[in-house]
Amino acid sequence: QVQLVESGGGLAQAGGSLRVSCSASGRTLSRYDMGWFRQAPGKEREFVAAIDRSGSSTYYADSLKGRFTISRDNAKITVYLQVNTLKPEDTAVYYCAAKISYGSYSSATNYDYWGQGTQVTVSS
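Please read these numbers as outputs of a predicted model, since none were measured by experiment. (Residues numbered from 1 in each chain as written. Predicted model: local features only at pLDDT ≥ 70, side-chain atom pairs only at ≥ 80, totals over all residues. Heavy atoms only, no water.)

1. Points about the pattern of salt bridges
Tallying each qualifying case throughout the model produces 6 salt bridges. Put simply, Lys99 and Asp33 hold a salt bridge, and the shortest N to O gap is 2.9 Å. Of this pair, Lys99 sits in strand S9 (residues 92-99) while Asp33 sits in strand S4 (residues 33-39); the two residues are 66 residues apart in sequence, bridging distant segments of the chain. Judged by its relative accessible area of 1%, Asp33 is buried. Across the pair Arg38 and Asp90 runs a salt bridge whose closest N-O atoms are separated by 2.9 Å. Here Arg38 is found in strand S4, whereas its partner Asp90 is found in the loop between strand S8 (78-83) and S9, with 52 residues between them in sequence. Exposure remark for Asp90: the relative accessible area of 0% places this residue in the buried category. One network of salt bridges, in which partners are shared, links Arg38, Glu46, Arg67 and Asp90. (Salt bridge = Lys/Arg side-chain N within 4 Å of Asp/Glu carboxyl O. Helix = DSSP H or I, 4+ residues; strand = E, 2+ residues; numbered from the N terminus. Buried < 20%, exposed > 50% of the residue type's maximum accessible area, 1.4 Å probe, protein only.)

2. Some details on the side chain of Asp33
Among the polar contacts listed, one links the side chain of Asp33 to the backbone nitrogen of Arg53, at a separation of 2.8 Å. Excluding residues that lie within four positions of it along the chain, Asp33 makes contacts with Ile51, Asp52, Arg53, Arg72, Ala97, Ala98, Lys99, Ser101, Tyr105 and Tyr111. (Polar contact = N/O pair within 3.5 Å; in protein donor to acceptor, adjacent residues only side chain to side chain. Contact = heavy atoms within 4.5 Å.)

3. A closer look at the pairing of S8
For S8, the buried fraction is high: 5 of the 6 residues fall into the buried class. One ladder, built from 6 bridges, connects strand S3 (residues 18-25) with S8; its direction is antiparallel. Counterpart to Arg19 in the pairing with S8 is Gln82. In the sheet, strand S7 (residues 68-73) pairs with S8 via 6 bridges, with the strands oriented antiparallel. Opposite Arg72, over in S8, you have Val79 as the bridge partner. Counted between consecutive antiparallel strands, the loop separating S7 from S8 contains 4 residues, among which Ile77 sits at a positive phi close to 45°. (Pairing = 2+ DSSP bridges.)

Set out below in structure tokens:
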């Protein structure tokens, strides 16, 4: 069992930057690929970024490449998502997730554990 807790969300201004974190407990994080998803009001949950268990490969939604950076620190059992040049459309609840399988990084159904989410609100 893995428990994931997101933090670092809040209110930010358009054009600014924000970093959200995901701390894990219960199991060694290095066993899992990690992903970030987000869900805006009235929309379905969408893939944002993922990083493999070693931290050597990263994956991003095509529409979000360039502004988002995912990273991990297995020693600190924490995964980060840096968001630059924030836009109002980045407003969403951001979720981190962990998967042990080797399936697609962008498919939410492949992830085994989820955090409760952290709200990010971007004002214009």
